[in-house]
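Structural overview for review
Chain by chain, the residues run as shown.
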Amino acid sequence: MSDASLSDQDDARRAALVDSLPRPSADTPLLAELQLDARRRIELRGRKFPRPERTRVITVANQKGGVGKTTTTVNLAAALAQAGLQVLVLDNDPQGNASTALGIDHRAGTPSIYEVLVDSAPMHEAVQESPDVPGLWCLPATIDLSGAEIELVSMVARETRLRTALDGYFEWRTRQGLDQIDYVFVDCPPSLGLLTVNAFVVAREVLIPIQCEYYALEGLSQLLKTIELIQAHLNPGLSVSTILLTMYDARTNLAQQVAQEVRTHFPERTLRTTVPRSVRISEAPSYGQTVMTYDGGSSGALAYLEAARELAERAALSTTTPTTAQARGGSAQEDQ
């Protein structure tokens, strides 16, 4: 039996299981929540996601702190890797929280993104594989990165150093006969300094996590203006491809209003999936894990898994638009 036939049978089996679930009503909000989790569990666990034709380089950014940038970065990365893809996380935040969540060693003295940016060290010498998720790689950040903003100011090509290093890493993987990296996620600090500029220049896409609270849209408008400046002067191929609503609490009118307003302004870019407030998501980093490995059956993990599927299904769309590599005349990223 062909792979396509087996896939069709699996889809039919999953659909039948979903149809057998009890139907919630407005009077049973708890049942509705349980039914949603059950549907996601049936539809998504063990499913392989489509592989993009070329590497998608996505910077996760929002200059407002506490909106879930790092949490979104590591959990989307882990979800895609669990679905059979090769994923690289560039921890570009001096706090190193992404490295912690992925179980990556980032003590002082560990080869890290600092040496890559400031000393032009080869990226492959610092990249580590996550101990919990095969196919998930991370370029860690150490405390040294906190001084990089000042050191980069006087350097030649200071805005493009991360892009040059990533191109070199892709070339190295090709020479070594290693698998193509399907997704690169860049985690950013909550500021708009040179580290964030490097993250915007290296990427083709920007993913913006938005907390469903009062100041969300104000911060978003400021970020979009910054991205427009990057497009005009440094990276014409950059685009805001995805917006993800985080810390969503359906019980509050405010969260519903913010979600509605974001979807009204950015209907094509906003994912259908919202990430709920979740104790499990908050607990996972303290164990050096993502929520995907800490409690893969929790509401938070299932929400990130569904968001990852949405992101993967948009890969076909992304290949029909000009990439950053094409905009700058080709690079190792285009060959991946």
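The name given to the protein in an unreviewed UniProt entry is ParA family protein, with Cellulomonas avistercoris as the source organism.

Glycine aside, negative phi is the norm for most residues, and most peptide bonds take the trans geometry. Phi is positive for Ala157, close to 55 degrees, though the residue is something other than glycine. Residue placement: Ala157 occurs in the loop between helix H6 (148-152) and helix H7 (161-176). The phi dihedral of Met247 falls on the positive side, at around 55 degrees, and the residue is not glycine. The topology assignment puts Met247 in strand E7 (residues 239-248). Since its relative accessible area comes to 22%, Met247 is described here as partly exposed.

Taken together, Tyr214, Tyr215 and Leu254 make up a surface patch of nonpolar side chains, about 380 Å² in accessible area. Relative to the helices and strands, Tyr215 resides in the loop between strand E6 (205-211) and helix H9 (216-233).

One open sheet holds the eight strands; their spatial order is E3-E4-E2-E5-E1-E6-E7-E8, and the pairing between them is mixed. Two strands in the sheet have a free side with no partner beyond their single neighbour: strand E3 (128-129) and strand E8 (270-276). Bridge count between E6 and E7: seven bridges; the pairing is parallel. Its bridge partner being in E7, Val206 is matched across the sheet by Val240. Contacting strand E1 (56-60), strand E2 (87-91), strand E4 (136-139), strand E5 (183-187), E6 and E7, helix H3 (residues 69-82) crosses the sheet at an angle of about 165 degrees to E5. Contacts from helix H8 (residues 194-202) reach E1, E5 and E6, with the element oriented near 150 degrees to E1.

Within E8, five of the seven residues are buried, leaving the element largely enclosed by the surrounding structure. Bridging between E7 and E8 involves three bridges; their strand directions are parallel. Within E8, the position partnered with Leu245 by the bridge is Thr274.

Compared with an ideal rise of 1.5 Å per residue, which puts 13 residues at 18 Å, helix H10 (residues 253-265) spans 18 Å between its outermost C-alpha atoms and is within 8% of the ideal. Along H10, the positions that sit buried rather than exposed are Ala255, Val258, Ala259 and Val262. Around the axis of H10, the buried residues are gathered within 100 degrees of arc, so they sit on the same side. Across from the buried face of H10, at angles greater than 90 degrees, the exposed residues are Asn253, Gln257, Gln260 and Thr264. At its buried positions, H10 is contacted by E6, H9, E7 and E8.

Scanning all chains against the criterion turns up 10 salt bridges. Notably, a salt bridge pairs Arg107 with Asp105, separated by 3.0 Å at the nearest N-O pair. What makes Asp105 partly exposed here is its relative accessible area of 30%. Across the pair Glu313 and Arg309 runs a salt bridge whose closest N-O atoms are separated by 4.0 Å. Highlighted residues: Glu313 and Arg309, both in helix H13 (residues 299-313), separated by four residues, approximately one helical turn. Residue classification places Glu313 among the partly exposed residues on the basis of a relative accessible area of 45%. Each of Arg280, Glu283 and Asp295 takes part in salt bridges that share partners, so that together they form one network.

Calculation notes
Residues numbered from 1 in each chain as written. Predicted model: local features only at pLDDT ≥ 70, side-chain atom pairs only at ≥ 80, totals over all residues. Heavy atoms only, no water. Helix = DSSP H or I, 4+ residues; strand = E, 2+ residues; numbered from the N terminus. Buried < 20%, exposed > 50% of the residue type's maximum accessible area, 1.4 Å probe, protein only. Patch = residues over 30% accessible without salt bridge, like charges linked within 9 Å, V, L, I, M, F, W, Y side chains within 5 Å. Areas by Shrake-Rupley, 256 points an atom, 1.4 Å probe, with all protein chains shown as cover. Salt bridge = Lys/Arg side-chain N within 4 Å of Asp/Glu carboxyl O. Pairing = 2+ DSSP bridges. Contact = heavy atoms within 4.5 Å. Axes fitted to C-alpha atoms, helices over the stretch in contact; angles between N-to-C directions. Expected span 1.5 Å × (residues − 1). Arc of directions from axis to C-beta.

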